[in-house]
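If you want the building blocks of each chain, they are given just below.
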Amino acid sequence: GENVEQHPSTLSVQEGDSAVIKCTYSDSASNYFPWYKQELGKRPQLIIDIRSNVGEKKDQRIAVTLNKTAKHFSLHITETQPEDSAVYFCAASWGSGYSTLTFGKGTMLLVSP
Amino acid sequence: EAQVTQNPRYLITVTGKKLTVTCSQNMNHEYMSWYRQDPGLGLRQIYYSMNVEVTDKGDVPEGYKVSRKEKRNFPLILESPSPNQTSLYFCASSPRLAASTDTQYFGPGTRLTVL
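Residues numbered from 1 in each chain as written. Chains lettered and ligands numbered in written order. Predicted model: local features only at pLDDT ≥ 70, side-chain atom pairs only at ≥ 80, totals over all residues. Heavy atoms only, no water.

## Considering the pattern of salt bridges
In plain terms, the rule: The salt bridge definition used is simple: a Lys or Arg side-chain nitrogen within 4 Å of an Asp or Glu carboxyl oxygen.
Scanning the model with the defined rule gives nine salt bridges over all chains in all. Through salt bridges with shared partners, a single network forms among Lys37, Glu39 and Lys42 of chain A.

## Some points on the nonpolar core
We count it as follows: For our purposes a nonpolar core is just a set of buried Ala, Val, Leu, Ile, Met, Phe, Trp, Tyr and Cys residues, chained together by side-chain atoms within 4.5 Å. Residue burial is assigned from relative accessible area. The probe radius is 1.4 Å, only protein chains are included, and a residue is buried under 20% of its type maximum, exposed over 50%, and partly exposed in between. By definition, any uninterrupted DSSP run of H or I lasting at least four residues is a helix, any uninterrupted run of E lasting at least two residues is a strand, and each is numbered from the N terminus.
Membership of the largest hydrophobic core comes to 23 residues, with the highest contact counts inside it found for Trp35, Phe73, Leu75 and Leu109 of chain A. For this core, the elements supplying multiple residues, two or more each, are β2 (10–14), β3 (19–25), β4 (32–38), β5 (45–51), β7 (62–67), β8 (72–77), β9 (86–92) and β11 (107–112) of chain A. By size, the runner-up hydrophobic cluster in this structure holds 19 residues, among which are Leu19, Met27, Val66 and Tyr89 of chain B.

## Focus on the layout of surface pockets
Short version of the rule: Cavities and pockets were defined on a 1 Å grid built from protein atoms only: a cavity is a group of points that admits a 1.4 Å probe but offers it no way out, a pocket is an open group of points flanked by protein on both sides within 12 Å along at least five of seven lines, and a lining residue is one with an atom within 4 Å of any such point. Grid points are joined across faces, edges and corners, and a volume is the space filled by probe spheres set on the points. Lys, Arg, Asp and Glu make up the charged group, whereas Ala, Val, Leu, Ile, Met, Phe, Trp, Tyr, Cys and Pro make up the nonpolar group; the residues left over, Gly among them, are polar.
Taken as a whole, the largest pocket holds about 770 Å³ of empty space. Along the walls of the largest pocket sit 35 residues, with Gln38, Val87, Phe89 and Met108 of chain A together with Gln37 of chain B positioned nearest its centre. Of all elements in the fold, only β1 (4–7), β9 and β11 of chain A together with β4 (31–38), β9 (87–94) and β11 (110–114) of chain B reach the threshold of two or more residues within the lining of the largest pocket. Residues of the lining of the largest pocket, tallied by class, amount to 14 nonpolar, 14 polar and seven charged. Taken as a whole, the second largest pocket encloses approximately 270 Å³ of empty space. In terms of lining residues, the second largest pocket is bounded by 16 residues, among which Glu2, Asn3, Thr102 and Phe103 of chain A together with Asp59 of chain B are the most central. For the lining of the second largest pocket, the secondary structure elements donating two or more residues are β1 and β10 (102–103) of chain A together with β5 (42–51) of chain B. Considered class by class, the residues forming the lining of the second largest pocket number five nonpolar, five polar and six charged.

## Topic: the packing of aromatic side chains
Note the following rule: The aromatic pairing rule takes the rings of Phe, Tyr and Trp, using the six-membered ring of Trp, and pairs them if the centres are within 6.5 Å, calling planes under 30 degrees apart stacked, those over 60 edge-to-face and the rest tilted.
Evaluated as defined, the whole model comprises twelve aromatic pairs over all chains. With a centroid separation of 6.1 Å and an interplanar angle of 55°, the aromatic rings of Tyr25 of chain A and Phe73 of chain A are classed as tilted. Of the two residues, Tyr25 of chain A is situated in strand β3 and Phe73 of chain A in strand β8; the sequence distance between them amounts to 48 residues. A relative accessible area of 0% places Phe73 of chain A in the buried class. Among the aromatic residues, those joined into a cluster by ring pairs are Tyr36, Phe89 and Phe103 of chain A together with Tyr35, Phe90 and Phe106 of chain B.

## Quick word on a nonpolar patch on the surface
All names here are of chain B. Rules: Patches in this entry comprise residues that are over 30% relatively accessible and not in a salt bridge; like charges within 9 Å are linked, as are nonpolar side chains (Val, Leu, Ile, Met, Phe, Trp, Tyr) within 5 Å. Here the accessible surface of atoms and residues is derived via Shrake-Rupley with a 1.4 Å probe, and residues count as covered only by protein chains that are part of the display.
Together, Ile12, Val14 and Leu115 make up a nonpolar patch on the protein surface, roughly 320 Å² of accessible area in all. Checked against the element boundaries, Val14 lands in the loop between β2 (10–13) and β3 (19–25). Look at Val14 and you get partly exposed, because its relative accessible area is 44%.

## Here's the deal with the state of the cysteines
What is meant by a disulfide is a covalent connection between two cysteines, made through their sulfur atoms. The line we're drawing: Cysteine sulfur atoms that come within 2.5 Å of each other are treated as a disulfide pair.
Counted by the stated rule, this structure contains two disulfides over all chains. With its sulfur 1.9 Å from that of its partner, Cys23 of chain A forms a disulfide with Cys90 of chain A. A torsion of -100° about the S-S bond marks the disulfide between Cys23 of chain A and Cys90 of chain A as left-handed. A residue pair is termed long-range when its members are at least 10 positions apart, and Cys23 of chain A in strand β3 and Cys90 of chain A in strand β9 qualify at 67 residues. Taking the relative accessible area as the measure of exposure, Cys90 of chain A reaches 0% and is therefore buried. Paired through a disulfide, Cys23 of chain B and Cys91 of chain B show a sulfur-sulfur distance of 1.8 Å. Where Cys23 of chain B bonds to Cys91 of chain B through sulfur, the torsion about that S-S bond is close to -70°, and the disulfide is left-handed. Linking Cys23 of chain B in strand β3 with Cys91 of chain B in strand β9, this pair joins segments that are 68 residues apart in sequence. A relative accessible area of 2% places Cys23 of chain B in the buried class.

This is the structure in structure tokens:
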């Protein structure tokens, strides 16, 4: 099955700095890579995703890049704000159209004012 | 309001006492799934269902059962809970069969403690 490694496990930045979280996956058949944000005590929520036919996707201050050759993808947050503080999970799907998402173990991002 | 609901939200029980955590969605989603979340281990899938009467094991199915008799409901059953099943449980649903490429909507979570 798929295995997803996520780094770092914790990340502390100053407000306004950029933050980068990296994930690697094992199954070259994986073709869908979402990122979820989980604030303290709340449920995970999708913030951005990318599919294997796209190398980069942006949504305001958030971007995700995908390198299929190297089997890794990254989340980039620019101009971080205290409300970005949360746990971020990457995930990968080996999808043949259905089944499972395999999640990374999460990165706790702390943005200090 | 479109949502995924879980009940109970908090449960403390004892080893061996059967319990059921309910999950319901009102979005007519075909795909539903259960995850457990443990510190340092992230979200791990327990079971998933692609449609009524169609279920399959995820990564950590041991000690759990599920059923999907109706499209909207996907209960998680622990026949004989053990302390290692103490965890935070999330139900999730997704619109289509191609759930791997669709946003999963998570329920609010159920914090289970097994003594």
